[in-house]
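# Structural features, examined
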Amino acid sequence: MLKTLVMIALVAVAQAPSDPHLPPKVVDTVAPTLPAGLKHGVLIVSKTNGWRHFEHIPHSNAILADIAKRLGRPSFTTENAAVFNDDQLSHFSVIVLNSASGEFMTPEQQAALARFVARGGGVVALHAAGDNSHTSPWYVDTIIGTTFTGHPNGADHIQPARVEIVQPRHPIMAGVKTPWTPRDEWYSFDRNPAAKGMTILAQLDETSYRPGDTLRMGTHPIMWINPRTKGRVFYSALGHEPELYDDPDYHRILTNAIRWAAGT
């Protein structure tokens, strides 16, 4: 009888639906085929070997591809990290890491990304591309510059908060109308990335939402750039909610960021 109950329990576990937020980790080794003639493009990567934001990724990928089109640039959207090789990356001016999470690149693939940035390629990293599932020293130092510590949960998970523009004259912030109070999942970090040489473009007014005592930063950066690289690197912690990508101000920021990262 006990053996039967154990077998039933094992079958039940095996048949239980997997969490779509935590898909199996996949290491990509065969590169995708790029469209013929692609030059100066925008590569949109939403590969997830960590937490998968399946709620926003399909919509945000479409929005990002449309932004590229409106900027007169071809785009290629993939979840195949084997695209990170010198030959294929030479077809792109900008890489958008759209909530790409976990260690989604092999060391060789990350080395290709590092060379892309070193020779002047642009990176626009969004939301989970800056969470704490990224542990590579190069990635943390170059793309993030700080460590994600958490976000409000429960009833306070998604809240409106006031985003303060710190560098209103920076091209990425051009045209953003204030006051701007979007609704999103608000990331906190263990330190101000300015301490690592990042330039803060926008921050949160912590009096405008409920971060919780353990997530308060005082000065709370939410978007920044890395001026220490030859390539142009931008990170925005915003992006959990699909609706945010339709927000006129965030759409404007994403458009500006891709244009800026491309050096145009």
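Note: the structure precedes this text.
Below you will find a few notes about this structure.

Conventions we followed
- Residues numbered from 1 in each chain as written.
- Predicted model: local features only at pLDDT ≥ 70, side-chain atom pairs only at ≥ 80, totals over all residues.
- Heavy atoms only, no water.
- Helix = DSSP H or I, 4+ residues; strand = E, 2+ residues; numbered from the N terminus.
- Buried < 20%, exposed > 50% of the residue type's maximum accessible area, 1.4 Å probe, protein only.
- Lys, Arg positive; Asp, Glu negative; His and termini not counted.
- Salt bridge = Lys/Arg side-chain N within 4 Å of Asp/Glu carboxyl O.
- Polar contact = N/O pair within 3.5 Å; in protein donor to acceptor, adjacent residues only side chain to side chain.
- Contact = heavy atoms within 4.5 Å.
- Pairing = 2+ DSSP bridges.
- Axes fitted to C-alpha atoms, helices over the stretch in contact; angles between N-to-C directions.

## Topic: the side chain of Asp184
If you trace the backbone, Asp184 turns up in strand E8 (residues 183-184). Despite its burial, Asp184 pairs with no opposite charge; the closest candidate is Arg183, at 8.6 Å N-O. At 2.8 Å, the side chain of Asp184 and the backbone nitrogen of Gly239 are in polar contact. There is a polar contact of 3.0 Å between the side chain of Asp184 and the backbone nitrogen of Glu241. Beyond its immediate stretch of four places on either side in the chain, Asp184 contacts His157, Ile158, Gln159, Ala237, Leu238, Gly239, His240, Glu241 and Leu244.

## So, unusual backbone geometry
In this model, Thr178 is joined to Pro179 through a cis peptide bond whose omega is 0°. Within the fold, Pro179 resides in the loop between strand E7 (162-165) and E8. A positive phi angle is found at His40, which is not glycine, with a value near 55°. Along the chain, His40 turns up in the loop between helix H1 (2-15) and strand E1 (41-45). Phi angles above zero are rare outside glycine, and Ser99 is one such case at about 55°.

## Topic: the sheet that holds E7
Pairing is mixed across the open sheet formed by eight strands, whose spatial order is E2-E1-E3-E4-E12-E11-E10-E7. Looking at which strands have only one partner, the edges of the open sheet turn out to be strand E2 (75-78) and E7. Taken over all neighbouring pairs, the strand axes of this sheet differ in orientation by 15° on average, direction set aside. Pairing of E1 with strand E3 (residues 92-98) involves five bridges; the strand directions are parallel. Looking across to E3, one finds that Val42 is bridged to Val94. Here helix H2 (residues 57-70) sits on the sheet in contact with E1, E2, E3 and strand E4 (122-126), set at roughly 160° to E3. Across the sheet, helix H6 (residues 248-261) is in contact with E1, E3, E4, strand E11 (220-226) and strand E12 (233-236); its angle to E4 comes to roughly 155°.

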